[in-house]
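Commentary on secondary and tertiary structure
Residue-level listing of the chains:
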Amino acid sequence: MKLPKINFKNKGFTLIELLIVIAIIAALAVVVFVALNPTQRLKDSRDARRTADVETILTAVHEYIVDNKGSLPTGMTTSMAEAQLGTAASGAAIATGGCSVIAAAGLDLSTPLAKYLKSIPTDPKTGTAALTLYAVNVDANNIVTVKACGTEGSPNISQSR
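Now for a quick tour of the structure.

Cut-off values and rules
Starting afresh in each chain, residues are numbered from 1 along the sequence in its written order. Where local features are concerned, this predicted model is filtered to residues with pLDDT of at least 70; where side-chain atom pairs are given and counted, the filter is 80 or more; whole-chain, interface and lining totals use all residues. By convention in this description, side-chain values take in all heavy atoms of the structure and omit both hydrogens and water. Secondary structure elements are defined from DSSP: runs of H or I of at least 4 residues count as helices, runs of E of at least 2 residues count as strands, and each element is numbered from the N terminus. Only protein chains enter the accessibility calculation, which uses a 1.4 Å probe; a residue is then buried when its area is under 20% of its type maximum, exposed when over 50%, and partly exposed in between. Contact criterion: two residues are considered in contact whenever any of their non-hydrogen atoms come within 4.5 Å of each other. Using a 1.4 Å probe, accessible areas were evaluated by the Shrake-Rupley method; residue-level cover was limited to the displayed protein chains. In protein, a polar contact requires one atom able to donate a hydrogen and another able to accept it; more generally it is a pair of N or O atoms within 3.5 Å, and residues adjacent in sequence count only if both atoms are side-chain atoms. When the centres of two rings from Phe, Tyr and Trp lie within 6.5 Å, Trp using its six-membered ring, the rings pair. Their planes under 30 degrees apart give stacked, over 60 give edge-to-face, and anything left gives tilted.

1. Focus: the overall build of the protein
A count of helices and strands for the protein gives two helices and four strands. When the helices and strands of the protein are read in sequence order from the N terminus, they spell out α-α-β-β-β-β. Split into buried and exposed, the 161 residues of the protein put 30% on the buried side. Taking the intrachain contacts of the protein between residues at least 6 apart in sequence as the baseline, contacts between residues at least 24 apart amount to 59%. For the protein, the computed accessible surface area is about 10300 Å², with 63% contributed by carbon and sulfur atoms.

2. Some points on the environment of A48
As for its position among the elements, A48 is in helix 2 (residues 38-67). Relative accessible area serves as the criterion here: at 47%, A48 is assigned to the partly exposed category. Once the C-alpha coordinates of A48 and S154 are considered, the two residues, 106 residues apart in sequence, prove to be 9.5 Å apart.

3. Some words on the environment of K147
Looking at where K147 falls in the secondary structure, it is placed in strand 3 (residues 144-148). Taking the relative accessible area as the measure of exposure, K147 reaches 23% and is therefore partly exposed. For the pair K147 and N137, spaced ten residues apart in sequence, the C-alpha separation works out to 8.5 Å. A distance of 3.0 Å separates polar atoms of two side chains, one belonging to K147 and the other to E82.

4. Thoughts on the packing of aromatic side chains
One pass over the full model with this rule turns up one aromatic pair. With a centroid separation of 6.4 Å and an interplanar angle of 80°, the aromatic rings of Y64 and Y116 are classed as edge-to-face. Note that Y64 is positioned in helix 2 and Y116 in the loop between strand 1 (83-84) and strand 2 (134-138), a separation of 52 residues in sequence. Note on accessibility: Y64 and Y116 belong to one class, buried.

5. Considerations on unusual backbone geometry
With phi around 50°, N37 is a residue other than glycine that occupies positive phi space. Judged by relative accessible area, which is 35%, N37 ranks as partly exposed. Positive phi values are uncommon outside glycine, yet N142 reaches one of about 65°. Along the polypeptide, N142 turns up in the loop between strand 2 and strand 3. Residue class for N142 comes out partly exposed when judged on its relative accessible area of 37%.

Set out below in structure tokens:
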């Protein structure tokens, strides 16, 4: 039995076929990239982190209040203006993202809340320990409100208890 002869000259792809396949793959990659919109996804993920951080700070403040028989953490009073959390001695006045902090210095809650938080959360984009971009306020009824000041997509991220 004789095997058929194989002609090796016609094997493989031509240059035009390869270029067409590369062009199709590039077009699909561009369509997928535009559809996913990574910039918006990053903004949404940072706002989700801000929402979680606001809840974490508020929970820590309330745990402090419960453990200390209704007393607010050091530096927080019912007559206080909205204050940004942080260790900054000056320059903590901001007016962004629904916050209008007028205090000249940051409200440092790292010591009173050390039992409840390893560290005060900071804004995922530009926050630092000195200026966290989270603000806190207490009204006359002792309702504590925590706000995220650096929001990107949501108009306001705040929670009260």
